[in-house]
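Here's the letter readout for the chains.
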Amino acid sequence: MLKKILILDFGSQTTQLIGRRIRDLGVYSEIVPYHALDKQNPEEIWGIILSGSPFSVNDPNAFKIDVDKLFSFGVPVLGICYGAQLLMHELGGKVAKSKTREYGRTHLSFLNPDDDLVRGMSEGSQAWMSHSDTIIELAPGFETIAKTSDIPTAIYRSKDKKVWGVQFHPEVQHSEEGNTLLKNFLFICDTSENWNTASFVDMTVNALKEQLGDDKVILALSGGVDSSVAAALLNKAIGDRLTCIFVDHGLLRKNEFEDVLAMYRELGLNVIGVNAKDYFFSNLKGVTDPEQKRKIIGKGFIEVFDREAAKIKDVKWLAQGTIYPDVIESLSITGMVIKSHHNVGGLPKEMKLKLVEPLRLLFKDEVRRVGLQLGMPHSMVYRHPFPGPGLGIRVLGEVTPEKVAKLQEADYIFITMLRKWKLYEDVWQAGAVLLPVYSVGVMGDERTYDQVVALRAVSSRDAMTADWVHLPYEFLAQVSSEIINKVPGINRVVYDISSKPPATIEWE
């Protein structure tokens, strides 16, 4: 039994960061929907954290929780932002619109600096607020631990229970001593360190052996680090009962199919390469809607895998390299879909194979560490993330073989130059995007009317947020010149300087 800090998700964009911070402190955390408390075993839980939410607790459709059930677990509880307000609202306190909305940096003033939750934090500690409601009256039996210049209660605690609430986000980097607060909560919960790369590998390999038994598995390889690490984990767990299928849907990078196939075979994986370019291009003909493209590609993957699985006797499982951000962005508990992902958003209702997703609870940097733990080469583990739909969502509008070929050349120049300038590992993800935009240009004495390519390079830790990379002007100038001179049909190159949020990493 792996004990955990349970995080109840009320729909905040930063819920997953809470889980990351807890794991970074060496303790296993698990995020579940706010309404899944009944399914939890109290013996497996050290403490419970309630996340933020886009709702107000006073909204008619706000997410609620049975606090009696919550307290029946007998473990420490920490409410964050909406979670803190919800506890007060349900216990008899008052939450109302704040006269001064707090968004961004603020500073804490402690009324009780010796409280267990805030011990070691500094007076005036910077905290990151993001709320329009505030607690105007505490429930009976609670007291204020800290305030800010604008709100009377920034941190509170129960006088007789191990229950705390904070009206800011300790999980974000802008809360300078947020890790201290979370570490204090773990101490209150009497946790022990049980989470690291080695323990994840051992736990997952054992779980896969139990889950899969003597069954055979077919793995949906994409060429990226996620599916590659999933393959290595499964290979460690079940050996030759794993068959890897690497599909060339025609939307990979230049030479990627051949290069990656060779790399997989060097790892000792049983890999079958499938050329399905014509099939995918035929299905994508005339399609321009990004969501429809994603789902067509996802559905196509499953259909190709089903055909290949039929050639192998007794295959019961389809493995995928789904990771946390894929799941989070594909289906939010608020009902708002940011984007569908081919791993989780495009599966047919009557798929013939059962799914196994060994990386579903990991963030990207955790996946990389697991890859290294498994002995995978650095060059594979630290390859940039590449979307499952591939260049299909980097060719804006209709996808054709001609457009993909054009983009492959531009993208190849960009990535090759990043490596040449030793910038590749300073960038979390990079790629080129072919825009459905034509612009006037001049080459020699001739007028041109050709397409525009946008370059995108971002830094990120977990794909939940990302910032554009300040690449050197000289580098961008050289890349632009190379693309325009060497890729027919492109006469203009632009650089995307938008961050996530408000933009996404991919354009579609």
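For clarity, every value in this text was computed on a predicted model and none was experimentally measured.

## A few points about unusual backbone geometry
Across the chain, the bulk of peptide bonds are trans and the bulk of non-glycine residues have phi less than zero.
So, step 1. Here the residue pair Lys500 and Pro501 is connected by a cis peptide bond, since its omega of -15° sits within 30 degrees of zero.
So, step 2. With respect to the element layout, Pro501 can be found in the segment after strand 19 (490–495).
So, step 3. Even without a glycine there, the phi angle at Asp314 is positive, about 65°.
So, step 4. When you line up the elements, Asp314 lands in the loop between helix 9 (290–310) and strand 14 (315–319).
So, step 5. You will see that Lys422, though not glycine, has its phi angle at about 60°, which is positive.
So, step 6. Note on placement: Lys422 falls in the loop between helix 13 (401–420) and strand 16 (429–443).

## Remarks on the sheet that holds strand 6 (residues 109–110)
So, step 1. Strand order across the open sheet formed by eight strands is 2-1-3-4-10-9-8-6, with mixed pairing between neighbours. Taken across any chain shown, the strands that pair with only one partner, and hence form the sheet edges, are strand 2 (29–33) and strand 6.
So, step 2. As judged from the five bridges shared by strand 1 (residues 4–9) and strand 2, these two strands associate in the parallel manner. Counterpart to Leu8 in the pairing with strand 2 is Val32.
So, step 3. Each of strand 3 (45–50), strand 4 (77–80), strand 8 (142–147), strand 9 (155–158) and strand 10 (163–166) is contacted by helix 3 (residues 82–91), which is oriented at about 110° to strand 4, the strand it contacts most.

## Section: the sheet that holds strand 11 (residues 216–221)
So, step 1. With respect to topology, five strands assemble into an open sheet ordered 13-12-11-14-15, the strand pairing being parallel. Each edge of the open sheet carries a strand with a single partner, namely strand 13 (271–275) and strand 15 (354–356). Looking at each pair of strands side by side, their axes are set apart by 30° on average, direction ignored.
So, step 2. As defined by bridge partners, strand 11 adjoins strand 12 (residues 242–248) across five bridges and the pair is classed as parallel. Paired with Ala220 across the bridge in strand 12 is Ile245.

## Description of the pairing of strand 17 (residues 446–459)
So, step 1. Counting buried positions over the 14 residues of strand 17 gives ten, a clear majority of the element.
So, step 2. Of the strand pairs in this sheet, strand 17 and strand 19 are connected by five bridges, and their pairing is parallel. Across the sheet, the residue bridging to Leu455 is Tyr495, located in strand 19.

## Quick notes on the packing of helix 5 (residues 197–212) against helix 11 (residues 364–373)
So, step 1. In the contact formed by helix 5 and helix 11, the axes pass within 9 Å of each other and the chain directions differ by 80°. With respect to helix 11, the axis of helix 5 lies roughly perpendicular. Residues Thr197, Ala198, Phe200 and Val201 of helix 5 form the contact with helix 11, whose own contacting residues are Arg369, Val370 and Gln373.
So, step 2. Considered class by class, the residues forming the contact of helix 5 with helix 11 number four nonpolar, two polar and one charged.

## Side note on a nonpolar patch on the surface
So, step 1. On the surface, a nonpolar cluster with roughly 310 Å² of combined accessible area is contributed by Tyr438, Val440 and Tyr449.
So, step 2. Within the fold, Val440 resides in strand 16.
So, step 3. Residue class for Val440 comes out partly exposed when judged on its relative accessible area of 41%.

## Regarding the packing of aromatic side chains
So, step 1. Considering all chains together, one arrives at 15 aromatic pairs under this definition.
So, step 2. With a centroid separation of 5.3 Å and an interplanar angle of 25°, the aromatic rings of Phe10 and Tyr34 are classed as stacked. Taken together, the residues span a long stretch of sequence, with Phe10 in the loop between strand 1 and helix 1 (15–24) and Tyr34 in the loop between strand 2 and strand 3 at a distance of 24 residues.
So, step 3. The exposure class of Phe10 is buried, given its relative accessible area of 0%.
So, step 4. Residue Tyr34 is classed as buried on the basis of its relative accessible area of 16%.
So, step 5. One aromatic cluster is present, formed by Phe10, Tyr34, Phe55, Phe63 and Tyr82 through successive ring pairs.
So, step 6. Between Lys254 and the ring centre of Tyr412, over which it is positioned, the NZ or CZ distance is 4.5 Å.

## A short note on the side chain of Glu366
So, step 1. Position of Glu366 among the secondary structure elements: in helix 11.
So, step 2. Ignoring any residue separated from it by four or fewer positions in sequence, one finds Glu366 in contact with Arg20, Arg23, Trp195 and Leu361.

## Details of the packing of helix 5 against helix 6 (residues 225–238)
So, step 1. Relative to each other, helix 5 and helix 6 sit at 60°, their axes nearing to 9 Å. The two elements helix 5 and helix 6 meet at a crossing, and its hand is right-handed. The residues of helix 6 that touch helix 5, namely those facing Phe200, Val201, Thr204, Val205, Leu208, Lys209 and Leu212, are Leu233, Leu234, Lys236, Ala237 and Ile238.
So, step 2. Tallied by class, residues from the contact of helix 5 with helix 6 come to nine nonpolar, one polar and two charged.

## Comments concerning the environment of Val32
So, step 1. Examined against the element boundaries, Val32 turns out to sit in strand 2.
So, step 2. Each C-alpha atom of the pair Val32 and Ser51 lies 10 Å from the other, and the pair is 19 residues apart in sequence.

## Some points on the pattern of salt bridges
So, step 1. If you walk through the whole model with that rule in mind, you get 23 salt bridges.
So, step 2. Here Arg253 ties to Asp411 by a salt bridge, and the two come within 2.8 Å at their closest N and O atoms. On the criterion of sequence distance, the pair formed by Arg253 in the loop between strand 12 and helix 7 (256–266) and Asp411 in helix 13 is long-range, its members being 158 residues apart.
So, step 3. Residue Arg253 is classed as buried on the basis of its relative accessible area, which comes to 12%.

## Observations regarding a negative patch on the surface
So, step 1. There is a patch of like negative charges on the surface, built from Asp38, Asp66, Asp68 and Glu90.
So, step 2. Here Asp68 shows up in helix 2 (residues 67–72).
So, step 3. With relative accessibility at 61%, the residue Asp68 sits in the exposed group.

Rules used in this analysis
- Residues numbered from 1 in each chain as written.
- Predicted model: local features only at pLDDT ≥ 70, side-chain atom pairs only at ≥ 80, totals over all residues.
- Heavy atoms only, no water.
- Helix = DSSP H or I, 4+ residues; strand = E, 2+ residues; numbered from the N terminus.
- Pairing = 2+ DSSP bridges.
- Contact = heavy atoms within 4.5 Å.
- Axes fitted to C-alpha atoms, helices over the stretch in contact; angles between N-to-C directions.
- Buried < 20%, exposed > 50% of the residue type's maximum accessible area, 1.4 Å probe, protein only.
- Parallel < 35°, antiparallel > 145°, perpendicular 65-115°, else oblique.
- Nonpolar A, V, L, I, M, F, W, Y, C, P; charged D, E, K, R; others polar.
- Patch = residues over 30% accessible without salt bridge, like charges linked within 9 Å, V, L, I, M, F, W, Y side chains within 5 Å.
- Areas by Shrake-Rupley, 256 points an atom, 1.4 Å probe, with all protein chains shown as cover.
- Salt bridge = Lys/Arg side-chain N within 4 Å of Asp/Glu carboxyl O.
- Phe/Tyr/Trp six-rings, centres within 6.5 Å; stacked < 30°, edge-to-face > 60°.
- Lys NZ or Arg CZ within 6 Å of the ring centre and 35° of its normal.
- Left-handed = near helix turned anticlockwise from the far one by under 90°.
- Lys, Arg positive; Asp, Glu negative; His and termini not counted.
- Charge placed at Lys NZ, Arg CZ, Asp CG, Glu CD.

So yeah, pure geometry; function would need other evidence.
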